[in-house]
Amino acid sequence: AQKVTQAQTEISVVEKEDVTLDCVYETRDTTYYLFWYKQPPSGELVFLIRRNSFDEQNEISGRYSWNFQKSTSSFNFTITASQVVDSAVYFCALSEAKWTSYGKLTFGQGTILTVHP
Amino acid sequence: DAGVIQSPRHEVTEMGQEVTLRCKPISGHNSLFWYRQTMMRGLELLIYFNNNVPIDDSGMPEDRFSAKMPNASFSTLKIQPSEPRDSAVYFCASSLSRGGNEQFFGPGTRLTVL
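Cut-off values and rules
- Residues numbered from 1 in each chain as written.
- Chains lettered and ligands numbered in written order.
- Predicted model: local features only at pLDDT ≥ 70, side-chain atom pairs only at ≥ 80, totals over all residues.
- Heavy atoms only, no water.
- Helix = DSSP H or I, 4+ residues; strand = E, 2+ residues; numbered from the N terminus.
- Rg over C-alpha atoms; globule rule 2.2 N^0.38 Å.
- Buried < 20%, exposed > 50% of the residue type's maximum accessible area, 1.4 Å probe, protein only.
- Salt bridge = Lys/Arg side-chain N within 4 Å of Asp/Glu carboxyl O.
- Phe/Tyr/Trp six-rings, centres within 6.5 Å; stacked < 30°, edge-to-face > 60°.
- Contact = heavy atoms within 4.5 Å.
- Buried area = accessible area lost by both parts, 1.4 Å probe.
- Polar contact = N/O pair within 3.5 Å; in protein donor to acceptor, adjacent residues only side chain to side chain.
- Core = buried A, V, L, I, M, F, W, Y, C linked by side-chain atoms within 4.5 Å.

Enquirer: What should I look at first to understand the overall build of chain A in this one?
Expert: Counting its secondary structure elements, chain A contains 0 helices and 12 strands. In sequence order, the secondary structure elements of chain A are arranged as β-β-β-β-β-β-β-β-β-β-β-β. Computed over the C-alpha atoms, the radius of gyration of chain A is 14 Å, within 12% of the 13 Å expected from 2.2 N^0.38 for a compact globule of 117 residues. The principal-axis extent of the C-alpha atoms belonging to chain A is close to 45 × 30 × 20 Å. Put simply, chain A has 117 residues, and 46% of those count as buried.

Written out as C-alpha cells, the structure is:
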C-alpha cells in the first residue's frame, strides 16, 4: 500500500523568509511518480510539479525548488523569499507508474502555509 | 482548452433532499475521480472511473452515495437522502490513465446540507 505523510500541519512565516515543506512517502513499487499541488484560498487545486522515480535531479523553477531523495523517500518543496500570495495548502501526492493504476493519486494530508506581510 | 467543469458551484439544500453533482472531464482524458474535502478528513477519494467503468468505489461513505459515468464526457455524483454531515467541497478530477499523469481538478462544488 502507498502512503504519503506531510508531518507539518501548519507553517507560518514572515514574507521573504525561505520555507521548506516536507513530504515522506512509502511504496513498494520501484517505479513511481511524485507530485505537488497547491490549493490557494480560492479553493481550486493546482498542479505544480511531477517527478518520476528515475530522476533524482533537483529542480528549480523561479522561487520554487524541489529536493527528491530516494534514499530517504522524501520529496521536499522549498519556497525561496516567500510572498503573501504563496499562502495556500500544499499537497504532496504519489502514483504508481503501471497502467493499472489508472492515474490514481495517493495524497498527503496537506500543509497549510501562511505567509505574513 | 476548457478545464474540468463542475456544476453547480454552490448547493444549499435541506436534510433529506436529493443532491446531484455534475462533472465534465477534459476531452480526451479517460480517468475520472471524485473527491470530498472537509476540514476534519482532508481530501478523500470517493470513487474513480476508467473508460467510463467504475474501478474502485471503496471510498464512497455510504449507500446514500452513488456515482455514474454514462459517457466519456459526463459524470454525476448523487447523494440521496442528504444529511448535514455530507456538507463539504466535492471535487472532480480527470487525467490520462497512464500511471504518472497529473490529475486536473475542477473548481469544486461547495455543498451545504441544512
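Enquirer: How do you make sense of the pattern of salt bridges when you look at a structure like this?
Expert: Side-chain pairing between opposite charges can occur once the charged atoms of the two side chains come close. Residue and element names in this part refer to chain B. Throughout the structure, instances matching the rule amount to 11 salt bridges over all chains. For Glu83, the salt bridge goes to Arg85, with nearest N and O atoms at 2.6 Å. Taking the relative accessible area as the measure of exposure, Glu83 reaches 23% and is therefore partly exposed. Judged by its relative accessible area of 54%, Arg85 falls in the exposed class. The structure contains a network of salt bridges with shared partners spanning Glu62, Arg64, Glu83, Arg85 and Asp86.

Enquirer: For this particular structure, what's the right way to read the packing of aromatic side chains?
Expert: How two aromatic rings sit relative to each other is given by the distance of their centres and the angle of their planes. All names here are of chain A. Overall, the coordinates contain 20 aromatic pairs over all chains when judged by the stated rule. A centroid spacing of 6.4 Å and a plane angle of 45° characterise the contact between Tyr25 and Phe68, whose relative ring orientation is tilted. Here the residue Tyr25 occupies a position in strand β4 (residues 24-26), and Phe68 occupies one in strand β8 (residues 64-69), the gap between them amounting to 43 residues. The same class applies to Tyr25 as to Phe68, namely buried. Taking the centre distance of 5.4 Å and the plane angle of 45° together, the rings of Trp36 and Phe77 count as tilted. One end of the pair, Trp36, is in strand β5 (residues 32-39); the other, Phe77, is in strand β9 (residues 74-79), with 41 residues separating them in the sequence. As far as the burial class goes, Trp36 and Phe77 line up, both buried.

Enquirer: In this structure, what is going on with the interface of chain A and chain B? I would like to understand it.
Expert: How big an interface is tends to be stated in terms of the accessible area lost upon association of its parts. Contacts between the two partners involve 21 residues from chain A and, on the opposite side, 22 residues from chain B. Between chain A and chain B the total buried area reaches about 1,700 Å² when both faces are included, carbon and sulfur atoms providing 58% of it. Taken as a group, Leu45, Tyr102 and Lys104 of chain A account for 35% of the area that chain A buries against chain B, more than any other trio of residues on that side. At the boundary of chain A with chain B, the tally comes to 1 salt bridge.

Enquirer: I tried to follow the side chain of Ser75 of chain B on my own but got confused; where do I start?
Expert: Residues and elements named next belong to chain B. Here Ser75 lies in strand β8 (residues 74-79). At 2.9 Å, the side chain of Ser75 and the side chain of Trp34 are in polar contact. Once residues within four sequence positions are removed from consideration, Ser75 is found in contact with Leu21, Arg22, Cys23, Leu32, Trp34, Phe49, Lys68 and Met69.

Enquirer: Quick question: what am I supposed to make of the nonpolar core here?
Expert: Nonpolar side chains tend to gather and get buried jointly when the protein is soluble and globular. Judged by nonpolar contacts, the single largest core of 23 residues is most densely connected at Trp36, Phe75, Phe77, Tyr90 and Leu113 of chain A. At the level of elements, β2 (10-14), β3 (19-21), β5, β8, β9, β10 (88-96) and β12 (111-116) of chain A are the ones that each hand at least two residues to this core. In terms of residue count, β10 of chain A provides more of this core than any other element does, 4 residues in total. Setting aside residues no more than four positions away along its own chain, Phe77 of chain A makes contact with Val19, Thr20, Leu21, Trp36, Leu48, Tyr64, Ser65, Trp66 and Tyr90 of chain A. Counting residues in each nonpolar core, the second largest holds 21 residues, with Trp34, Phe49, Leu77 and Val113 of chain B among its members.

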